[in-house]
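# Chain and residue survey
Chain residues, written in single-letter form:
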Amino acid sequence: MERPNEITKHPEAANTRLVELERARQELTSLMAHDMLNLIHGIVGFFDLVDQGMLTPQVPEFSEFMGMASQHSRELMLMLNSVLDVYKLEDGRLALNRRPANLAELSAHSAEQVRPIATQNSVHLTFDIPPDLPPLDVDEEMIVRVLSNLLLSAIKATPAGGRVRVTATTQPGPLAVVRVSISDTGESIAPEELERIFDRFYQPARRGHKRGTGLGLTFCKQAVELHGGRIWAESEPGRGSTFYFTLPVAAEAASA
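Below you will find a few notes about this structure. These numbers come from a predicted model, not from an experiment.

## Re the nonpolar core
If you look at the biggest cluster of nonpolar residues, it comprises 43 residues, and the most contacted ones within it are Leu103, Val146, Leu150 and Phe245. Take this core: its biggest share by element is ten residues, from helix 5 (residues 140-157). Apart from residues no more than four positions distant in its own chain, Phe245 is found in contact with Val146, Leu147, Leu150, Val178, Arg179, Val180, Val224, Arg230, Ile231 and Trp232.

## Brief notes about the packing of helix 5 against helix 7 (residues 216-226)
Where helix 5 contacts helix 7, the two axes come as close as 9 Å, and the packing angle between them is 145°. Note on packing geometry: the crossing formed by helix 5 with helix 7 is left-handed. Seen from helix 5, the contacting residues are Met142, Arg145, Val146, Asn149 and Leu150; seen from helix 7, they are Gly216, Leu217, Phe219, Cys220, Ala223 and Val224. When its residues are assigned to classes, the contact of helix 5 with helix 7 shows eight nonpolar, two polar and one charged.

## Some thoughts on unusual backbone geometry
Apart from glycine, the bulk of residues carry a negative phi angle, and the bulk of peptide bonds sit in the trans form. Even without being a glycine, Ser122 presents a positive backbone phi close to 55°. Of note, Ser122 is situated in the loop between helix 4 (103-120) and strand 2 (124-128).

## Describing the side chain of Ser148
Relative to the helices and strands, Ser148 resides in helix 5. Here Gln113 takes part through its side chain, which lies 3.3 Å from a polar atom of the side chain of Ser148. With sequence-adjacent residues up to four places away left out, Ser148 is seen in contact with Leu78, Ser110, Gln113 and Val114.

## Thoughts on the environment of Cys220
Mapped onto the elements, Cys220 comes out in helix 7. Residue classification places Cys220 among the buried positions, given a relative accessible area of 0%. As for Cys220 and Met142, which are separated by 78 residues in sequence, their C-alpha atoms are 9.0 Å apart. Apart from residues lying up to four places away in sequence, Cys220 is in contact with Val146, Asn149, Leu150 and Ile231.

## Here we look at the environment of Ala101
With respect to the secondary-structure elements, Ala101 resides in strand 1 (residues 98-101). What makes Ala101 buried here is its relative accessible area of 2%. Taking the C-alpha atoms as reference points, Ala101 and Asp137, separated by 36 residues in sequence, lie 6.5 Å from one another.

## A short note on the packing of aromatic side chains
If you walk through the whole model with that rule in mind, you get two aromatic pairs. Arranged with centres 6.1 Å apart and planes meeting at 90°, the rings of Phe198 and Phe243 form a pair that is edge-to-face. A residue pair is termed long-range when its members are at least 10 positions apart, and Phe198 in the loop between helix 6 (191-194) and helix 7 and Phe243 in strand 7 (residues 241-248) qualify at 45 residues. With respect to burial, Phe198 and Phe243 carry one shared label: buried.

## Focus on the side chain of Ser110
Residue placement: Ser110 occurs in helix 4. Note on Ser110: relative accessible area 0%, which makes it buried.

## Thoughts on helix 5
Taking 1.5 Å as the rise per residue, helix 5 with 18 residues should run 26 Å; its terminal C-alpha atoms sit 26 Å apart, in good agreement. The buried fraction of helix 5 is high, at 16 of 18 residues. Near the N-terminus of helix 5, the side chain that reaches the backbone nitrogen of Glu141, with its oxygen 3.2 Å away, is that of Asp139.

## Regarding the pattern of salt bridges
With the rule as written, the count across this model stands at six salt bridges. Where Arg165 meets Asp128, a salt bridge forms, and the shortest distance between an N and an O atom there is 3.2 Å. With a gap of 37 residues between them, Arg165 in strand 4 (residues 163-171) and Asp128 in strand 2 connect regions that are remote in the sequence. For Arg165, a relative accessible area of 39% corresponds to the partly exposed category. Lys221 serves as the salt-bridge partner of Glu225, at 2.8 Å between the closest nitrogen and oxygen. Of this pair, Glu225 and Lys221 both sit in helix 7, four residues apart, which is roughly one turn of that helix.

## Points about the sheet that holds strand 5 (residues 177-184)
As summarised here, the arrangement of the five strands in space is 2-4-5-7-6, forming an open sheet in which the pairing is mixed. Of all the strands in the sheet, the pair left with one neighbour each is strand 2 and strand 6 (231-235). Recorded for the sheet is a direction-independent mean angle of 15° between the axes of neighbouring strands. Of the pairings in the sheet, the one linking strand 4 to strand 5 comprises eight bridges and is antiparallel in character. Residue Val166 lies in a different strand from strand 5, and its bridge partner there is Ile182. Its contacts with the sheet put helix 5 on strand 2, strand 4, strand 5, strand 6 and strand 7, and the angle it makes with strand 5 is roughly 25°.

Here is what the cut-offs are and how they apply
- Residues numbered from 1 in each chain as written.
- Predicted model: local features only at pLDDT ≥ 70, side-chain atom pairs only at ≥ 80, totals over all residues.
- Heavy atoms only, no water.
- Core = buried A, V, L, I, M, F, W, Y, C linked by side-chain atoms within 4.5 Å.
- Buried < 20%, exposed > 50% of the residue type's maximum accessible area, 1.4 Å probe, protein only.
- Helix = DSSP H or I, 4+ residues; strand = E, 2+ residues; numbered from the N terminus.
- Contact = heavy atoms within 4.5 Å.
- Axes fitted to C-alpha atoms, helices over the stretch in contact; angles between N-to-C directions.
- Left-handed = near helix turned anticlockwise from the far one by under 90°.
- Nonpolar A, V, L, I, M, F, W, Y, C, P; charged D, E, K, R; others polar.
- Polar contact = N/O pair within 3.5 Å; in protein donor to acceptor, adjacent residues only side chain to side chain.
- Phe/Tyr/Trp six-rings, centres within 6.5 Å; stacked < 30°, edge-to-face > 60°.
- Expected span 1.5 Å × (residues − 1).
- Salt bridge = Lys/Arg side-chain N within 4 Å of Asp/Glu carboxyl O.
- Pairing = 2+ DSSP bridges.

Structural data, given as structure tokens:
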């Protein structure tokens, strides 16, 4: 005789869960529509001013407006990629294309995506990647997006004049890994929020931190764990926050 599943055994709990999922889906849709429209309005507004001849390269504010349009475009691209990737990962439709990769090069690619946003927000980016770091066994494109999302989150949480720093070290052991850290000088994250920081749709209450879909960090967690790594965050009052994650070292480097 077939055993009843959880839904037939606990229909009320299952119904409650479905209601919660639907509410979360509606919240996500609302957040995405609001945030994306704000970004698109900024982009369209810039081009409208250019089209009307009110904004030309000779106007002193031209570079500032162009920088804002570029920032909004990059944020929109990262937001959409995170949303799509989270659902692909959960559906098992995002396979890893692993190969030996240089962390310094991956960091450089992610820096290209977020540096204009850092510049626009007057946040200084620094990278301290040792030249002798062993190659990683990762999907390069996915890890670039992980780095970009973490950098963007740190930049948006850091006030003007602040700093975001990326460092990396090798962690020896039975399975050699590289630990990457991304530190910011923004407001700290409360201990109770650190436990939920990677939950879907969750946004920490950091002063000055712009709200988003709450899926960027969720994607980072799923992508890192898919590689067999681990991701976590630490925060100390008055000293900002640091996000850490580990990634496996390529087999030939680990056995060397």
